[in-house]
Amino acid sequence: METLPNCVKCQSEYVYEDGALLVCPECAYEWNPAELAEEDAILAIDANGNRLADGDTVTLIKDLKVKGAPKDLKQGTRVKNIRIVEGDHNIDCKIDGFGAMKLKSEFVKKI
Ligand SMILES: [Zn+2]
C-alpha cells in the first residue's frame, strides 16, 4: 500500500485518496498533490531569505530603474498582492503609478 502524506492543513494521518485528490477526514481539506508539487517548484525568496507566496505584501529594498518609466521605483515602495511566477523576474505585481510589472524577489522583503 502506498503511503499518503499527512494533511497539509492539520497534519492528520488519516488522509485518503478520492480520484486525483487527497482528502482529509478531520478538517475536510481537499487538495491535488500534483498541483501542490508544481507550486512548490516555483520558489521566490526575499532579501532576508523568507519564502514569498501569492498575495504577500513586500517593500523594495533598493531603488530600481524601470524600463520606459519616467522615474525610478523608490526603495521602500510597498507592493501589495504579489504573484509568484517562473523566471528570472519571479514576482508579478502591480505598482501604483507604474502599472503591471515584474520584479526579482531578491530586491524585496516581506512585510
Ligand atoms: Zn486536515
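- Under an unreviewed UniProt entry, the protein has the name Protein PhnA and belongs to Streptococcus gallinaceus.
- According to the UniProt record, the Sequence similarities (unreviewed entry) comment for the protein reads "Belongs to the YjdM family."

Considering the pairing of strand β8 (residues 99-103)
Within a regular strand, side chains alternate between the sheet's two faces.
Part 1 of the argument: Pairing of strand β7 (residues 91-95) with β8 involves five bridges; the strand directions are antiparallel. By the bridge assignment for β8, Ile-95 is matched with Gly-99.
Part 2 of the argument: Following β7, the chain reverses through three residues before pairing antiparallel with β8; Gly-97 in that reversal takes a positive phi of roughly 85°.

Quick notes on the packing of aromatic side chains
Part 1 of the argument: Under the defined criterion, the tally for this structure stands at one aromatic pair.
Part 2 of the argument: Ring geometry for Tyr-29 against Trp-31: centres 5.5 Å apart, planes inclined by 20°, an arrangement best described as stacked.
Part 3 of the argument: According to the relative accessible area criterion, Tyr-29 is partly exposed, its value standing at 26%.
Part 4 of the argument: Lying over the aromatic face of Phe-107, Lys-62 brings its terminal NZ or CZ to 4.5 Å of the ring centre.

Examining the coordination of the zinc ion
Part 1 of the argument: Those protein atoms acting as donors to the zinc ion are Cys-7 (SG), Cys-10 (SG), Cys-24 (SG) and Cys-27 (SG), and they sit at 2.2 to 2.3 Å.
Part 2 of the argument: Donor residues for the zinc ion sit on one chain with the sequence pattern C-x2-C-x13-C-x2-C.
Part 3 of the argument: The buried category is assigned to Cys-24, whose relative accessible area is 1%.

Description of the pairing of β7
Part 1 of the argument: Of the two faces of β7, only the one carrying Ile-91, Cys-93 and Ile-95 is buried; Asp-92 and Lys-94 on the other face are not.
Part 2 of the argument: Connecting the antiparallel pair strand β6 (residues 83-84) and β7 is a turn made up of six residues, with Gly-87 showing a positive phi of about 120°.

What to know about the nonpolar core
Part 1 of the argument: Leu-52, Leu-73, Val-79, Ile-82, Ile-91, Cys-93 and Leu-103 are the most contacted members of the largest nonpolar core, which has 16 residues in total.
Part 2 of the argument: Listed by contribution, the elements that provide at least two residues to this core are β4 (58-60), β7 and β8.
Part 3 of the argument: With three residues, β7 is the largest single contributor of residues to this core.
Part 4 of the argument: Cys-7, Val-15, Leu-22 and Cys-24 belong to the second largest nonpolar core, which has five residues in total.

With respect to unusual backbone geometry
Part 1 of the argument: At Ala-28, a position not held by glycine, the phi torsion is positive, near 65°.
Part 2 of the argument: Among the structural elements, Ala-28 can be located in the loop between β2 (21-23) and β3 (30-31).
Part 3 of the argument: Overall, the relative accessible area of 58% leaves Ala-28 in the exposed class.
Part 4 of the argument: Even without being a glycine, Asn-81 presents a positive backbone phi close to 55°.
Part 5 of the argument: In this fold, Asn-81 is placed in the loop between β5 (78-79) and β6.

Thresholds applied
- Throughout, a residue's number is its position along its own chain's written sequence, starting from 1.
- Where local features are concerned, this predicted model is filtered to residues with pLDDT of at least 70; where side-chain atom pairs are given and counted, the filter is 80 or more; whole-chain, interface and lining totals use all residues.
- In computing side-chain values, all of the structure's heavy atoms are included and hydrogens and water are not.
- UniProt positions are given in the numbering used here, feature names are shortened, and annotations may be inferred rather than shown by experiment.
- Two strands are said to pair when DSSP picks up at least two bridges between them.
- Helix and strand definitions follow DSSP, with helices as H or I runs of at least four residues and strands as E runs of at least two, each counted in order from the N terminus.
- Stacked, tilted and edge-to-face are the three classes assigned to paired rings of Phe, Tyr and Trp, where Trp is represented by its six-membered ring and a pair needs centres within 6.5 Å; plane angles under 30 degrees give stacked, over 60 edge-to-face, the rest tilted.
- When accessible area is computed with a 1.4 Å probe and restricted to protein chains, residues below 20% of their type maximum are described as buried, those above 50% as exposed, and intermediate ones as partly exposed.
- Ring-over charges, as used throughout, are those where CZ of Arg or NZ of Lys falls within 6 Å of the ring centre and within 35 degrees of the ring normal.
- Coordinating donors are taken to be N, O and S atoms lying within 2.8 Å of the metal, or within 3.2 Å when the metal is Na, K or Ca; because water is excluded from the atom set, some sites may appear incomplete.
- Within this scheme, the nonpolar core is defined by two criteria: the residues are buried Ala, Val, Leu, Ile, Met, Phe, Trp, Tyr or Cys, and they are joined through side-chain atoms within 4.5 Å.

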